[in-house]
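If you want the building blocks of each chain, they are given just below.
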Amino acid sequence: MYPGLFKPIMLTTSRYNQHTGKYANIIEVGSTGNTLEQCLNSMKYLSSVMNEILNKNN
């Protein structure tokens, strides 16, 4: 939906307690190179994507 919006994803074998819930997910927004304003601005795009995905599955 938004080409180039996200940086490449770094996959690791860490669990971060995701195993404690059946549908647990972690969504990290921003990094040390981003400002709070950039992170907050990106939320409208993330929420749009999440809304589309969740509505397709209902």
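Since we're looking at a predicted model, the values are computed, not measured.

Reading the values: the criteria
- Residues numbered from 1 in each chain as written.
- Predicted model: local features only at pLDDT ≥ 70, side-chain atom pairs only at ≥ 80, totals over all residues.
- Heavy atoms only, no water.
- Salt bridge = Lys/Arg side-chain N within 4 Å of Asp/Glu carboxyl O.
- Helix = DSSP H or I, 4+ residues; strand = E, 2+ residues; numbered from the N terminus.
- Buried < 20%, exposed > 50% of the residue type's maximum accessible area, 1.4 Å probe, protein only.
- Expected span 1.5 Å × (residues − 1).
- Bend = angle between axes of the 7 residues up to and from the residue.
- Phe/Tyr/Trp six-rings, centres within 6.5 Å; stacked < 30°, edge-to-face > 60°.

## Comments concerning the pattern of salt bridges
Taken as a whole and judged by the stated rule, the model has one salt bridge. In this structure, Lys 56 and Glu 52 form a salt bridge, with 3.4 Å as the shortest nitrogen-oxygen distance. Of this pair, Lys 56 and Glu 52 both sit in helix α1 (residues 36–56), four residues apart, roughly one helical turn. Look at Glu 52 and you get partly exposed, because its relative accessible area is 34%.

## Details of α1
Between the first and last C-alpha of α1 there are 30 Å, a value that for 21 residues agrees with the 30 Å anticipated at 1.5 Å per step. The principal kink in α1, of about 30°, is found at Met 43.

## Topic: the packing of aromatic side chains
We describe a pair of aromatic rings using the distance from one ring centre to the other and the angle between the two ring planes. If you walk through the whole model with that rule in mind, you get one aromatic pair. Here Tyr 2 and Tyr 45 contribute two aromatic rings whose centre-to-centre distance is 5.0 Å and whose plane-to-plane angle is 70°, an arrangement assigned as edge-to-face. Of this pair, Tyr 2 sits in the segment before α1 while Tyr 45 sits in helix α1, placing them 43 residues apart in sequence. The class for Tyr 45 is partly exposed, based on a relative accessible area of 29%.

Geometric descriptors of this kind do not, in isolation, establish any biological role.
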